[in-house]
Amino acid sequence: MLLFTHPAMLGHDPSPGHPESPARLASVLKALESYDLDRRQAPEADRLVIERVHPPGYVEAVNAALRESSHRRVQLDPDTAVGPGSSEAIYRAAGAGIAAVDAVLAGADRRAFCAVRPPGHHAEPLSAMGFCVFNNVAIAALHALEAHGLSRVAIIDFDVHHGNGSQTVAEKDARVLFASTHQAPLYPGTGKLHETGIAGNVVNAPLPPGAGSAEWRAAMARQVLPALDAFAPDLILVSAGFDAHKADPLAQMALDEADFAWAGAQLAAAASRHCEGALVSTLEGGYDLPALARSAAAYLGALQHG
Ligand SMILES: [Zn+2]
């Protein structure tokens, strides 16, 4: 399995005490230290590839904020700030997914994990949101479709928060399946059952606070995985957030690391059925550091052996 990351992503520091801290990535990388992974440096994303999701005016506004942030913290939304070090992190977080898609589709190693921050799935085409500036997974999806000529790309999102930005991209593009499990009610408030996209290509499985292993695995098994099989993707992308863990401070679901290992095995099997194993996972949330580290390690362990 390939691992795309870069130490510059530790340099993005939204603000002191912010839950989306550099220590998150450090703890994930430490948990993976003993894993046999083909480690690659995440490159900075090409602006034109980002612009498949985010219009040039938005990218320019982000760049202006990043220039300003070289000497002071700049707030992009109430939860999302950039400062010195953010520019390289943000561009490499998007670049990791692009490079992982290129590598996985080239064939030798069909699985990749992008250990990145900031996360991406809340970023809308026209706005930063919820710790996210560019939508890393949506950029990777459109890159796979446009640059590699794939017909169908699936995004599976098991972060505890709904991936509103990814859904915005998918709901008007039948080449993209977006299937999400998430807690509701919870930020950002989207992801209702009736939000189904232009071609039934958006699948939302909201779960109540307190939902645990049985409820979540049932939602995956009855809604997400059947939709994935019916869609028969050429590539599976995963927004791998680990904040549905019972220890996470930002939500109230009750999963543990065994559930993320189960998801890894299920998704690896689906990738084998449909796309010769092609599976790129990208880190999204996860805010209890020990739980995040154990969950990412369990998920990757299952992917490696799945
Ligand atoms: Zn989240």
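Treat the numbers as computed from the prediction; the structure is a model and nothing was measured. (Residues numbered from 1 in each chain as written. Predicted model: local features only at pLDDT ≥ 70, side-chain atom pairs only at ≥ 80, totals over all residues. Heavy atoms only, no water.)

**What about the packing of helix 4 (residues 86–106) against helix 5 (residues 136–148)?**
Going by this rule: A fitted line through C-alpha atoms serves as each axis, taken over the contacting stretch for helices, and the angle formed by two N-to-C directions is quoted from 0 to 180°. Helix and strand labels come from DSSP, where a helix needs a run of H or I of at least four residues and a strand needs a run of E of at least two; each type is numbered from the N terminus. An angle counts as roughly parallel when it lies under 35 degrees, as roughly antiparallel when it exceeds 145, as roughly perpendicular when it falls between 65 and 115, and as oblique in every other case. Crossing chirality is assigned from the near helix's rotation relative to the far helix, an anticlockwise turn below a right angle marking it left-handed and a clockwise turn marking it right-handed. A contact between two residues is defined here by any heavy atoms of the two lying within 4.5 Å. Just so you know the grouping, Ala, Val, Leu, Ile, Met, Phe, Trp, Tyr, Cys and Pro go in nonpolar, Asp, Glu, Lys and Arg go in charged, and all remaining residues, Gly too, go in polar.
Between helix 4 and helix 5, whose axes approach to 8 Å, the crossing angle comes to 40 degrees. As far as their axial angle goes, helix 5 and helix 4 are oblique. When you trace helix 4 past helix 5, the crossing you get is right-handed. Here Ala-93, Ala-94, Gly-97, Ile-98, Val-101, Asp-102 and Leu-105 of helix 4 lie close against helix 5, whose contacting residues are Asn-136, Ile-139, Ala-140, His-143, Ala-144 and His-148. Of the residues in the contact of helix 4 with helix 5, the class split is eight nonpolar, four polar and one charged.

**Comments concerning helix 9 (residues 289–305)**
Stated precisely, the cut-off is as follows: To estimate the expected span of a helix, count its residues, drop one, and scale the result by 1.5 Å. Buried residues are those whose accessible area, probed at 1.4 Å on protein chains only, stays under 20% of the maximum for their type, while exposed residues exceed 50% and partly exposed ones sit between those limits. As used in this structure description, the phrase polar contact means that two N or O atoms lie within 3.5 Å; if the pair is within protein, one of them must be able to donate a hydrogen and the other to accept it, and residues adjacent in sequence are counted only when both atoms belong to side chains.
With 17 residues, helix 9 ought to run about 24 Å at 1.5 Å a step, and its terminal C-alpha atoms sit 24 Å apart, in line with that. Buried within helix 9 are the following residues: Ala-291, Leu-292, Ala-293, Ser-295, Ala-296, Ala-297, Tyr-299, Leu-300, Gly-301, Ala-302 and Leu-303. Considering only its buried residues, helix 9 is in contact with helix 1 (22–31), strand 5 (111–114), strand 9 (235–240), helix 8 (257–275) and strand 10 (279–283). A side-chain oxygen of the first residue of helix 9 lies 3.0 Å from the backbone nitrogen of Ala-291; this N-cap is Asp-288.

**Looking at the packing of aromatic side chains**
Our working definition: Each aromatic pair joins two rings of Phe, Tyr and Trp (for Trp, the six-membered one) with centres within 6.5 Å, and gets the label stacked for planes under 30 degrees apart, edge-to-face for over 60, and tilted for any other angle.
Counting across every chain of the model gives 11 aromatic pairs. Both rings, one in Phe-131 and one in Tyr-287, keep their centres 5.7 Å apart while their planes meet at 80 degrees; by these two values the pair is edge-to-face. With Phe-131 in the loop between strand 5 and helix 5 and Tyr-287 in the loop between strand 10 and helix 9, this residue pair connects regions lying 156 residues apart in the sequence. Neither Phe-131 nor Tyr-287 differs from the other in exposure class; each is buried. Ring centres 5.9 Å apart and planes at 70 degrees place the aromatic pair Trp-216 and Trp-262 in the edge-to-face group. Residue Trp-216 is found in helix 7 (residues 213–231), and its partner Trp-262 is found in helix 8; the two are separated by 46 residues along the sequence. For the pair Trp-216 and Trp-262, a shared accessibility class is recorded, and that class is buried. Ring pairs connect the aromatic residues Phe-158, Trp-216, Phe-242, Phe-260, Trp-262 and Tyr-299, which therefore count as one cluster.

Honestly, it's all geometry; don't read function into it.
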